[in-house]
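# Tertiary structure, described
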Amino acid sequence: MFGRLLANVSQRAPSLLSRVLLTMKPQVVFVLGGPGAGKGTQCSKIVENYNYTHLSAGDLLRAERAREGSDVGQLIANYIKDGKIVPVEITIGLLKKAMEETMEKDEKMCSFLIDGFPRNEDNLAGWNRVMDGKADVKFVLFFDCNNEICITRCLERGRSSGRTDDNRESLEKRIQTYQQSTRPIIDLYETQGKVRTVDASRSVDQVFADVKAILDKEG
Ligand code: UDP
Ligand code: MG
């Protein structure tokens, strides 16, 4: 694989990722679960305690939506409000860039929590297409939480989050997208024995105790 990479690199200007990857390969944990399951909250706690970089696909998309001069800002805004999944080229471009920037700054920072991705088949196919052989997916951390709790939490968060999708109408669509498109991705990883499930309906500290046990075991 390095031979092929080097051949490619010699033919054209090496991308930043190619250069960085010659030193270290990113180790990725996908963090999945319904809207409001607590992915972001738990990822912040992981970052405080372990040597991971947290990349939230949703946060990266919201930042791109807000970036002046972005060609895709309006498209992202429409998808998010509708609870639909943004075309993967956009999301993966943002994730790849964020990973490159992190490793460029410090090549030892090669462990990533990728939060809220992959959300559907298109996302997964895009990841496999672009990142195959360039990153290792260690496992999927799945925050399992029922719809009622998810909705209640998001509506509560919506009182202060300012998010355009933390309202009942968007939430119904987000939950539907999650059930129809994201659950099958989790199920697929489950068949590969790659899912670590946490009961996310409990308090932040109770959930984090389970998360810690998983991370301490998995390294
Ligand atoms: N989104 C997307 N692709 C991704 C991640 C997020 O299209 O890979 C969009 C999608 O419209 C989603 C919204 O961003 O409903 C909010 O995602 P986020 O992960 O922030 O929500 P959470 O699940 O954390 O509540
Ligand atoms: Mg989130």
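The residue count restarts for each chain, going from 1 along the sequence in the order it is written. Note on labels: chains are lettered from A, ligands numbered from 1, in written order. Restriction of local features to residues with pLDDT of at least 70 applies here, the model being predicted, together with a cutoff of 80 or more for giving and counting side-chain atom pairs; totals for whole chains, interfaces and linings are based on all residues. Note that the side-chain values use all heavy atoms of the structure and ignore hydrogens as well as water.

An unreviewed UniProt entry lists the protein under the name UMP-CMP kinase, from Salarias fasciatus. UniProt positions are given in the numbering used here, feature names are shortened, and annotations may be inferred rather than shown by experiment. According to UniProt, the comment filed for the protein under the heading Function (unreviewed entry) is "Catalyzes the phosphorylation of pyrimidine nucleoside monophosphates at the expense of ATP. Plays an important role in de novo pyrimidine nucleotide biosynthesis. Has preference for UMP and CMP as phosphate acceptors. Also displays broad nucleoside diphosphate kinase activity." The record held by UniProt for the protein lists under Sequence similarities (unreviewed entry) the comment "Belongs to the adenylate kinase family. UMP-CMP kinase subfamily."

Turning our eyes to something else, we now look at helix H5 (residues 73–81). An α-helical turn contains 3.6 residues, so a residue and the one three or four places further along point in the same direction. Burial status follows relative accessibility: with a 1.4 Å probe on protein chains alone, a residue under 20% of its type maximum counts as buried, one over 50% as exposed, and anything between as partly exposed. Strands here mean DSSP runs of E at least two residues long; helices mean DSSP runs of H or I at least four residues long; both are numbered from the N terminus. Burial in H5 covers these residues: Gly73, Ile76, Ala77 and Ile80. On an axial view of H5, the arc spanned by its buried residues comes to 100 degrees, and they lie on one face. Among the structural elements, helix H4 (57–66) and helix H6 (88–105) are those in contact with the buried residues of H5. Positive backbone phi, approximately 65 degrees, marks Gly83, located one or two places after H5. Working note: the arc is built from the helix axis to C-beta atom directions. We call two residues contacting when some pair of their heavy atoms lies within 4.5 Å.

As summarised here, the arrangement of the five strands in space is S2-S3-S1-S4-S5, forming an open sheet in which the pairing is parallel. Taken across any chain shown, the strands that pair with only one partner, and hence form the sheet edges, are strand S2 (53–56) and strand S5 (195–199). Here the average twist between neighbouring strands, direction ignored, is 25 degrees. Note that S2 and strand S3 (residues 111–115) share four bridges and pair parallel. Bridge pairing links Ser56 to Asp115 in S3. Two strands make a pair as long as DSSP finds a minimum of two bridges between them. In this description, a line fitted to the C-alpha atoms serves as the axis of each element, helices being fitted only across the stretch in contact, and the angle between N-to-C directions of two axes falls anywhere from 0 to 180 degrees.

Turning our attention to the packing of helix H3 (residues 39–49) against helix H10 (residues 204–218). Running from N to C, H3 and H10 point in directions that differ by 55 degrees, and their axes come no closer than 10 Å. When the axes of H3 and H10 are compared, the pair comes out oblique. Crossing of H3 against H10: the hand is right-handed. Here Thr41, Gln42, Lys45, Ile46 and Asn49 of H3 come into contact with H10, specifically with Val204, Asp205, Val207, Phe208, Val211, Lys212 and Leu215. Note that the term roughly parallel is reserved for angles under 35 degrees, roughly antiparallel for angles over 145, roughly perpendicular for angles of 65 to 115, and oblique for everything else. Put simply, a crossing is left-handed when the front helix is turned counterclockwise from the back one by less than a right angle, and right-handed when it is turned clockwise.

What follows is about the UniProt feature "binding site: CMP" (unreviewed entry) in the protein. As annotated in UniProt, the feature "binding site: CMP" (unreviewed entry) corresponds to Asn123 in the numbering used here. Relative to the assigned elements, Asn123 resides in helix H7 (residues 121–131). Setting aside chain neighbours within four positions, we find Asn123 in contact with Ile85, Val86, Val88, Phe117 and Pro118. Nitrogen and oxygen atoms within 3.5 Å of one another constitute a polar contact, given that in protein one can donate a hydrogen and the other can accept it, and given that sequence-neighbouring residues count only through two side-chain atoms. At 2.9 Å, the side chain of Asn123 and the backbone nitrogen of Arg119 are in polar contact.

Once that is clear, we can look at the site of ligand 1. By convention in this text, a residue qualifies as near a molecule or strand provided that one of its non-hydrogen atoms is within 4 Å of it. Around ligand 1, 21 residues are found, and the nearest of them are Lys39, Arg62, Lys84, Val86 and Arg174. At 2.8 Å, a side-chain N or O of Lys39 approaches an oxygen atom of ligand 1. The backbone of Val86 places a nitrogen or oxygen atom 2.7 Å from an oxygen atom of ligand 1. In these tables, accessible area is a Shrake-Rupley quantity obtained with a 1.4 Å probe, and a residue counts as shielded only by the protein chains included in the view. When the free accessible area of ligand 1 is taken as 530 Å², the share hidden by the protein chains comes to 96%. With four residues, the top contributor of residues to the shell around ligand 1 is H4. Only Asp, Glu, Lys and Arg are considered charged in this grouping, and only Ala, Val, Leu, Ile, Met, Phe, Trp, Tyr, Cys and Pro are considered nonpolar; every other residue, Gly among them, is considered polar. Looking at side-chain class alone, the shell around ligand 1 contains eight nonpolar, five polar and eight charged residues.

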